[in-house]
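Take a look at the letters that make up each chain.
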Amino acid sequence: MKKELLERYSRQIIIKDIGALGQKKISSSKILIIGAGGLGCPVADLLSRAGVGEIGIVDNDKVTLSNLHRQTIYNYKDIDKYKVNVLKDKLKKINSNVKIKVFKVRITENNANDIIKRYDFIIDGSDNFKTKFVVNKICLKLKKKLIVGAISKFQGHIFTFNFKNSRAPCLQCFYQSIPSDEILNCEADGVIGPIATLIGSIKSSEILKMILQIGKNIFGKIYIFDLLTLESRSIKFDKKKNCVCKKYF
């Protein structure tokens, strides 16, 4: 490893569970971030700083004034610019060693397979359940590792899935049918900025642990955190017999 890289990642490398070998694993990983909003911003920021080798970002929205209180990468000058273009430019300034590829589209049944298959780990931070269910299905099909998160008001939740494990439940095992998008409607219900950064940070940590194969992950559970009460809880759920995931195993 070059001297400049050793210095850049020195605070990670000195951790016993990481070391130089772990840093090489991080630097050779390929991660896709779906959604460049409140969750996607901290995930992209932290993973680029950690030295992830390649990051893909999917989003077709432009930055708006109402995004700025929780979407931490953007500033006033970025308004009306495409989020993926702004993120790519700023991430390259944070860490020019990271390869960034952007997809200025919305994930659909038609394009999800071609995009997702290029990456090892998938992080969903989309703002609607239709997209989340499409991502869940394609990750099942391609046997990917997937992290799904959402935020509303003072609360956020995270799922972590390893679809290489045939006994693992999927997102649809938990919800069974597509919930109303009103649950994720920040415009109607509101959201406090710090919960986006907190949940995004935990998602980044989950990905790094999976890359390094260390610690415990939230497999087969939903993890919920409430900033208002400072309470957290995890709820285990099982694979459903008649779920869509049965088709892929």
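Below, the structure is looked at part by part.

Procedures and definitions
- Residues numbered from 1 in each chain as written.
- Predicted model: local features only at pLDDT ≥ 70, side-chain atom pairs only at ≥ 80, totals over all residues.
- Heavy atoms only, no water.
- Salt bridge = Lys/Arg side-chain N within 4 Å of Asp/Glu carboxyl O.
- Helix = DSSP H or I, 4+ residues; strand = E, 2+ residues; numbered from the N terminus.
- Buried < 20%, exposed > 50% of the residue type's maximum accessible area, 1.4 Å probe, protein only.
- Phe/Tyr/Trp six-rings, centres within 6.5 Å; stacked < 30°, edge-to-face > 60°.
- Right-handed = clockwise from strand over helix to strand, strands pointing away.
- Pairing = 2+ DSSP bridges.

1. Concerning the pattern of salt bridges
Counting across every chain of the model gives nine salt bridges. Notably, a salt bridge pairs Glu-4 with Arg-8, separated by 3.4 Å at the nearest N-O pair. Note that Glu-4 and Arg-8 are positioned in helix 1 (residues 3-8) at a spacing of four residues, about one turn of the helix. Judged by relative accessible area, Glu-4 falls into the partly exposed class, the value being 44%. Lys-93 is the salt-bridge partner of Asp-89, the closest N and O atoms lying 3.4 Å from each other. Of the two residues, Asp-89 and Lys-93 both sit in helix 5 (residues 83-94), four residues apart, roughly one turn of that helix. A relative accessible area of 66% places Lys-93 in the exposed class.

2. Considering the packing of aromatic side chains
Throughout the structure, instances matching the rule amount to 11 aromatic pairs. With centroids separated by 6.5 Å and ring planes inclined at 40 degrees, the aromatic side chains of Phe-133 and Tyr-175 adopt a geometry described as tilted. Separated by 42 residues along the polypeptide, Phe-133 in helix 7 (residues 129-142) and Tyr-175 in helix 8 (residues 171-175) bring together distant segments of the chain. Like Tyr-175, Phe-133 is buried. For the pair Phe-174 and Tyr-175, a centre-to-centre distance of 5.0 Å together with 90 degrees between the ring planes defines the contact as edge-to-face.

3. Some details on the pairing of strand 5 (residues 145-152)
Of all eight residues in strand 5, eight are buried; the element is thus mostly enclosed. The side-chain alternation of strand 5 yields two buried faces, one formed by Lys-145, Ile-147, Gly-149 and Ile-151 and the other by Leu-146, Val-148, Ala-150 and Ser-152. For the segment spanning strand 4 (residues 121-124), helix 7 and strand 5, crossover handedness is right-handed. The sheet contact formed by strand 5 and strand 6 (residues 155-162) spans eight bridges and is antiparallel. Looking at strand 6, one finds that Ala-150 is bridged to His-157.

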